[in-house]
Amino acid sequence: MELRIKMLDSKNDLLVFTDEKFMERVVTEIIDYCCINAMFHIYDEKENLVAEISAFFIDESRSYNNGLSITTVADCMSQELLDAIKVLVKSEDYDEIIFTPAYTCYIQTLYVYPEFRNMGIGKYLWENIADIFEYFMNKDIHAIIVYPKPHTIIKNGNTFEKEPIEDDEMLQRMKSGLVLGGFKEIDNSNYFMKIYLDE
């Protein structure tokens, strides 16, 4: 299946094929902020919007060089990001990722629309998410954090809002998928993280 990935307000779209390995490479850093909130739209070959991703990218090195803690930066962006970063900072793995010239990413939403599920789209995105982010952000990703929570999307013009839903079966599938993908739960917090430094 062919997918077109578009990062809103950014570089050219990216065409990928779900039956092929992701092959794009980081070129050069172009963004000069401590934290970036980015949104991605994913379209199929018929130009149907099949999935959406929103994520925060925090540069710890740049934050500290500017006299800011990672929690201060997160607090300036959103409560949801701050909650995730507080869990990360208390974790035993945090020392492994700070001060490296790369981003820590918090995935706020990775949502495949219901009519396009069970087609391999979500699987492809999760398996290649760090490479996709590195392509668009032009910088390495050293860790990704996610808080799995079933939700639905309510579109409002060009933006969307998450609406949580109670679905224990879906939640367990999400957690199992993250673990299969190499994510580990952070200290029984329901936040999951994968470190990419050695990949």
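Residues numbered from 1 in each chain as written. Predicted model: local features only at pLDDT ≥ 70, side-chain atom pairs only at ≥ 80, totals over all residues. Heavy atoms only, no water.

Draft legend 1. Looking closely at the environment of Ile144. By the secondary structure assignment, Ile144 is in strand S6 (residues 141-146). As for Ile144 and Tyr196, which are separated by 52 residues in sequence, their C-alpha atoms are 8.1 Å apart. Discounting residues that sit within four places of it in the chain, Ile144 has contacts with Cys105, Ile107, Ile129, Ala130, Phe133, Phe183, Phe192, Met193, Lys194 and Tyr196. (Helix = DSSP H or I, 4+ residues; strand = E, 2+ residues; numbered from the N terminus. Contact = heavy atoms within 4.5 Å.)

Draft legend 2. Local environment of the packing of aromatic side chains. Summed over all chains, the structure comprises eight aromatic pairs. Consider the rings of Trp126 and Phe183, whose centres lie 5.8 Å apart with planes at 85 degrees: the pair is edge-to-face. One end of the pair, Trp126, is in helix H5 (residues 121-137); the other, Phe183, is in the loop between helix H6 (168-180) and strand S9 (184-185), with 57 residues separating them in the sequence. On the accessibility criterion, Phe183 (4% relative accessible area) is buried. Ring geometry for Tyr147 versus Tyr191: centroids 4.7 Å apart, planes at 50 degrees, classification tilted. Here Tyr191 lies in the loop between S9 and strand S10 (192-195) and Tyr147 lies in the loop between S6 and strand S7 (151-156), a separation of 44 residues in the sequence. In this structure Tyr147 comes out as partly exposed when scored by relative accessible area, which is 34%. (Phe/Tyr/Trp six-rings, centres within 6.5 Å; stacked < 30°, edge-to-face > 60°. Buried < 20%, exposed > 50% of the residue type's maximum accessible area, 1.4 Å probe, protein only.)

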